[in-house]
Amino acid sequence: METSTAALAEQLAAIPVFSDLSPEDVSWLASKMEVAHFAPGEVVTLEDSPADRMIVILEGEIAGRREHGHRDARTFSAGAGRVTGMLPFSRLTHFPLTTRAMSPVRIAFLHVSHFPEILERAPALGSRLVGVMADRIREMTKADQQLEKLMALGKLSAGLAHELNNPASAVRNAAVNLQQAVRALRTAGLHLDNRPLAAEDRVVLARIECDWSKDHPPVALDSLERSDREEAIGDWLEEHRVRDARQLAPGLVDAGCDLDTLHSLSERFDDETLADAVTRLTASFTINHLVEQIESGTSRMADLVRAIKQYTYMDQSTEQEIDVHEGLENTLIMLHYRLKYGVSVIREYDRSIPPICAHGSELNQVWTNLIDNAIDAMNGRGELVVRTAPEVGRLLVEIRDSGPGIPPEIRSRIFEPFFTTKPVGEGTGLGLDTVYHIVQRHHGEVRVDSEPGRTSFQVRLPFAGAS
């Protein structure tokens, strides 16, 4: 259905952006526009196509997203009365998203070739459209900041899941093996109880069980030495007709048991009793070792949970006096999954530094972004230095990496919004912009010094009570 110029002009005049134009200018604008209708699902603009027209939605609603190439999760929606697309003074060259009609849609298009004339006829419209563009930039910035946070949260969540999975798996495996060791201990104990052992012999076995780990601390063995010991003990056990000799040998080696100990037992017991005694001792040693593994694994999980709570400052006020070292350490724990494959962390802390008054969770965003960027700069391998030092009325936190450095031609731009050197999809360009604004809100400053092999980000924050 055709839309007359008069009818279109009437609709345009009802839209706030055009409401201040004179009837003549609105009529002229309507005469230069093309009106199109779209059924639900039809494409209104195609991503990466030239941005060559302003879009005025007269009826219905459109929504946009990436449909081809890399999908960066950005979305867009607009309804009747919205002015979008290419706008005067915009640097947009191509439509970033594919937009489709969500309902029956009627749209008026104005080609960019008419922009100079309409701005000359109605200069006030230019400032109105600049305002529309500013609102759009604010919305995009807010959406990108949210995307940046979600990306960071996703990486931290993946890392934490990996870090928690390791001790959880160790605890689960230790619990299964513990059940088997307890059964072996009970079976061997029952066999020994049925044998006519002297009270002195039973005391000897009990004393070995109780005091062995205290008197024989574990010794680190290389793989070759360990293999030799297991083979020697296995051979000895087989010579004395001990059941499951090759299965018992690793547990005895883990406990630090040697052939001298086994010889002393063989002098006291016959082979049948020796087999039960060795099985019982091996099960007892194994139980002690597995309990230590369970304790270590659960302690690791508790440390991670504590770090998460402190990292996010759960159950605490938003602004308080904090020890910056705790935030740095919790951040390193949260990023351990990225550090452990080749990054050497050097801590140069001055623990005498007094607390600062800050939003702890926000500062942890700063440390996360800077450390994460340092790891990326080093491609996951290199030396990371985390340093704190007092200055006159201020605290210095330095994050230094051994990466290739920041090229001089882009160094002045790294704190700009949306500026990034990462490939498409790996960053929104808001990480360092977020760092800059958080530090500014804390009345501090951030700067960078860089040369090949040494890039240093320095954050300076006022101490609590400092002006």
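Below is a summary of the structure that appears in this document. Here the residue numbering is sequential within each chain, running from 1 through the sequence in written order. Predicted model: local features are reported for residues with pLDDT of at least 70 only, side-chain atom pairs are reported and counted for 80 or more only, and whole-chain, interface and lining totals are derived from all residues. Only hydrogens and water are set aside; all other atoms, that is, all heavy atoms of the structure, feed into the side-chain values.

**Side note on helix α2 (residues 23–32)**
In step 1: When a residue's accessible area, from a 1.4 Å probe over protein chains only, is under 20% of the maximum for its type it is buried; when over 50% it is exposed; and in between it is partly exposed. Helix and strand definitions here come from DSSP, where helices need a minimum of 4 consecutive H or I residues and strands a minimum of 2 consecutive E residues; each element is numbered from the N-terminal end. Those residues of α2 that sit buried are Asp25, Val26, Trp28, Leu29 and Ala30.
In step 2: Buried residues along α2 sit in contact with α1 (5–13), β8 (105–111) and α3 (115–121). Between two residues, a contact is recorded if the distance between any of their heavy atoms is within 4.5 Å.

**Quick word on the pattern of salt bridges**
In step 1: A pairing counts as a salt bridge when a side-chain nitrogen of Lys or Arg comes within 4 Å of a carboxyl oxygen of Asp or Glu. Per the stated rule, a full pass over the model turns up 27 salt bridges.
In step 2: Among the ionic pairs, glutamate 398 bridges to arginine 454, the shortest N-O distance being 3.8 Å. Here glutamate 398 is found in strand β13 (residues 394–401), whereas its partner arginine 454 is found in strand β15 (residues 454–462), with 56 residues between them in sequence.

**Quick word on the sheet that holds strand β7 (residues 98–101)**
In step 1: At least two bridges found by DSSP between two strands are what make those strands a pair. Overall, antiparallel pairing links the four strands, which are arranged β2-β7-β4-β5 in an open sheet. Only two strands of the sheet have a single neighbouring strand rather than two, namely β2 (43–45) and β5 (75–79). Recorded for the sheet is a direction-independent mean angle of 30 degrees between the axes of neighbouring strands.
In step 2: With four bridges joining them, strand β4 (residues 61–65) and β7 adopt antiparallel strand pairing. Bridge pairing in β7 links alanine 63 to arginine 100. Note on method: axes are straight lines fitted to C-alpha atoms, helices fitted across the in-contact stretch only, with angles between N-to-C directions ranging 0 to 180 degrees.

**Points about helix α7 (residues 245–254)**
In step 1: Among all positions in α7, only Ala245, Leu248, Ala249, Gly251, Leu252 and Val253 are buried.
In step 2: Following α7 by one or two positions, glycine 256 has its phi on the positive side, about 85 degrees.

**Considering the side chain of aspartate 276**
In step 1: Within the secondary structure, aspartate 276 sits in helix α9 (residues 271–312).
In step 2: Judged by relative accessible area, aspartate 276 falls into the buried class, the value being 2%.
In step 3: Only 2.9 Å separates the side chain of aspartate 276 from the side chain of arginine 243, close enough to count as a polar contact.
In step 4: Each residue touching aspartate 276, except ones within four places of it in the same chain, is listed here: Ala188, His191, Leu192, Arg195 and Arg243. Whenever a nitrogen or oxygen atom comes within 3.5 Å of another N or O atom, the pair is scored as a polar contact, on the condition that within protein one atom can donate a hydrogen and the other can accept it, and that pairs from neighbouring residues in sequence are kept only if both atoms are in side chains.

**A look at the sheet that holds strand β1 (residues 34–38)**
In step 1: One open sheet holds the four strands; their spatial order is β1-β8-β3-β6, and the pairing between them is antiparallel. Each of the sheet's edge strands pairs with one partner strand only, and the pair in question is β1 and β6 (83–85). Looking at each pair of strands side by side, their axes are set apart by 35 degrees on average, direction ignored.
In step 2: Pairing of β1 with β8, which is carried by five bridges, proceeds in the antiparallel orientation. Considered in β8, the bridge of histidine 37 is made with arginine 106.

**Let's talk about the packing of aromatic side chains**
In step 1: Aromatic pairing here means that ring centres of Phe, Tyr or Trp (its six-membered ring) are within 6.5 Å. Orientation follows from the plane angle: under 30 degrees is stacked, over 60 is edge-to-face, and everything else is tilted. Within this structure, the stated rule accounts for three aromatic pairs.
In step 2: For the ring pair phenylalanine 38 and phenylalanine 109, a centre distance of 6.3 Å and an interplane angle of 85 degrees mean the geometry is edge-to-face. Of this pair, phenylalanine 38 sits in strand β1 while phenylalanine 109 sits in strand β8, placing them 71 residues apart in sequence.
In step 3: Of the residues examined, phenylalanine 109 reaches a relative accessible area of 11% and is grouped as buried.
In step 4: Seen in terms of ring centroids, phenylalanine 415 and phenylalanine 457 are 6.3 Å apart; in terms of plane orientation they differ by 85 degrees. Their pairing is edge-to-face. Here phenylalanine 415, found in the loop between α13 (408–411) and α14 (431–441), pairs with phenylalanine 457, found in strand β15; they are 42 residues apart in sequence, far enough to count as distant.
In step 5: Looking at phenylalanine 457, the relative accessible area reads 9%, which means it is buried.
In step 6: Pairwise contacts between aromatic rings join Phe415, Tyr436 and Phe457 into one cluster.
In step 7: Only when the NZ atom of a Lys or the CZ atom of an Arg is both within 6 Å of the ring centre and within 35 degrees of the ring normal do we say a charge sits over the ring. Here the guanidinium or amino end of arginine 53 rests over the ring plane of phenylalanine 109, the centre of that ring lying 5.3 Å away.

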